[in-house]
Amino acid sequence: MKQLSIFTVLCLAFALQSNAQSKKKKDHQAIKSMCGCYEVGFNFAETFEYSEDESYVPSKVKHDKALEWVQLVSDEKDKIVMQHLLVVGKQDSPRVIKHWRQDWLFENTDLYTYNADNVWNYVSLPKERVKGQWTQKVYQVDDSPRYEGSATWIHENGQSYWENAADAPLPRREYTKRSDYNLTLRNNRHVVTAEGWVHDQDNKKIIRKEGATDVVLAEEKGFNTYKKVSDSRCLVAQNWWKEHGANWAKVRTKWDNVFAQKQNLKLNAKVDGMPLYAHLFSEDFDSSEDNIAKTIDAFISK
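Throughout, residues of each chain are indexed from 1 in the direction in which the sequence is written. Restriction of local features to residues with pLDDT of at least 70 applies here, the model being predicted, together with a cutoff of 80 or more for giving and counting side-chain atom pairs; totals for whole chains, interfaces and linings are based on all residues. As a convention, hydrogens and water are excluded, and side-chain values are obtained from all of the structure's heavy atoms.

Peer 1: I'd love a proper account of the nonpolar core, names of residues and values included.
Peer 2: The nonpolar side chains of a soluble globular protein tend to be buried, and buried together. Side-chain atoms within 4.5 Å link the members of a nonpolar core, which is a set of buried Ala, Val, Leu, Ile, Met, Phe, Trp, Tyr and Cys residues. For every residue, the accessible area (1.4 Å probe, protein chains only) is compared with the maximum for its type, and the residue is labelled buried under 20%, exposed over 50%, or partly exposed between those bounds. In this structure, L85, V251, W255, F259, L265 and I296 are the most contacted members of the largest nonpolar core, which totals 34 residues. Only DSSP runs of H or I reaching four residues or more are called helices, and only runs of E reaching two or more are called strands; each is numbered from the N terminus. At the level of secondary structure, the elements contributing two or more residues to this core comprise strand 2 (62-75), strand 3 (79-88), strand 5 (110-114), strand 6 (119-124), helix 3 (235-259), helix 4 (276-281) and helix 5 (289-299). If you tally residues by element for this core, the top one is helix 3, at 8 residues. Contact between two residues is taken to exist if any of their heavy atoms lie within 4.5 Å; hydrogens are not considered. Apart from residues lying up to four places away in sequence, I296 is in contact with V251, K254, W255 and L276.

Here it is in structure tokens:
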């Protein structure tokens, strides 16, 4: 077989690079399309149970609705930050609640993976493992870590989706009621649709003990729908972020400094009888950089 000319090789290399850039642009657009104002439907049902305890009581089926604003906080070439804000209460006197946050990082190699009982282990992935992939990093309402995983965005048949399985803490709807398991294995599928997007989940409720094999207590189906509505319906959330966004930027900076140490992380559930979000959400909380750092440091178990 004849050797390829230098010109042909260069053309092939240029074509591959162009395709990669085009693919990344589609990824970027798909992620950013999840921003805006949405009518959200939260739906969860326990599908299978494996407990040998005859008195086992499965979680109740959950159906909730909410109005949610997804704020684009940062839009960089390799990083997109989006903050979710719930709009609750009566239409004539709505309130805003800071909800979860999601960061998307391109070809990221640094992950904090959950390992039950408020412990996150630092993991460094090889560059070839994450080539062309995006890491979704999900944070709790106080911007402490929750779960994260890396996968490839797929664009085919007029649809864009991303799917990954990641270990995570119990969701709020569970940890206030259940103590018979200590980890959720979340299989997350984000699908961008014509109406908005869907967060499709197939979760496992797991009992994890050191030195023992994980035990699956039950399985759960989650199907959260985000239907796009006029941004004007979430104006109160947009204004809330303009007022409070700068303080939360300080919180993110402090957490970024913690994550930059690339060490395993264990967090205390409460300090002075309160969880971290209760401190940060308090109306009389001192939001200076020093006090934010001091407050978060108190939750990091030495």
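Peer 1: Residues and numbers for unusual backbone geometry, please.
Peer 2: At E107, a position not held by glycine, the phi torsion is positive, near 50 degrees. With respect to the helices, strands and loops of the structure, E107 is situated in the loop between strand 4 (95-106) and strand 5. Of note, the phi angle at D272 is positive, near 55 degrees, even though the residue is not glycine. D272 sits in the exposed class, given a relative accessible area of 70%.

Peer 1: An account of the sheet that holds strand 2 is needed here, citing residue identities and associated values.
Peer 2: The criterion for strand pairing is that DSSP finds at least two bridges linking the strands in question. If you trace the 11 strands from one edge of the open sheet to the other, you get 8-7-4-3-2-1-13-12-11-10-9, paired in antiparallel fashion. Since the sheet does not close on itself, it has two edges, and those belong to strand 8 (145-151) and strand 9 (154-156), each with one partner. Averaged over neighbouring strand pairs, the angle between their axes works out to 25 degrees when direction is ignored. Pairing of strand 12 (residues 196-207) with strand 13 (residues 215-229), which is carried by 12 bridges, proceeds in the antiparallel orientation. When the sheet's bridge partners are listed, I207 is paired in strand 13 with V215. Angles run from 0 to 180 degrees between N-to-C directions of axes, and those axes are lines fitted to C-alpha atoms, restricted for helices to the stretch in contact.

Peer 1: Give me the pairing of strand 12: which residues, what numbers.
Peer 2: The buried fraction of strand 12 is high, at 9 of 12 residues. Relative to strand 12, strand 11 (residues 183-192) runs antiparallel, the two sharing 10 bridges. Bridge pairing in strand 12 links N188 to Q201. Between the end of strand 11 and the start of strand 12, which pair antiparallel, lie 3 residues.

Peer 1: Describe the pattern of salt bridges, with residues and values.
Peer 2: Here, a salt bridge means any Lys or Arg side-chain nitrogen found within 4 Å of an Asp or Glu carboxyl oxygen. Applying the stated criterion across every chain, the model contains 21 salt bridges. A salt bridge links R101 to D103, with the nearest nitrogen and oxygen atoms 2.7 Å apart. The exposure classification of R101 matches that of D103, with both residues buried. When the shortest N-O distance is used, the salt bridge between R101 and D143 registers 3.0 Å. Of the two residues, R101 is situated in strand 4 and D143 in the loop between strand 7 (134-139) and strand 8; the sequence distance between them amounts to 42 residues. Residue D143 is classed as buried on the basis of its relative accessible area, which comes to 0%.

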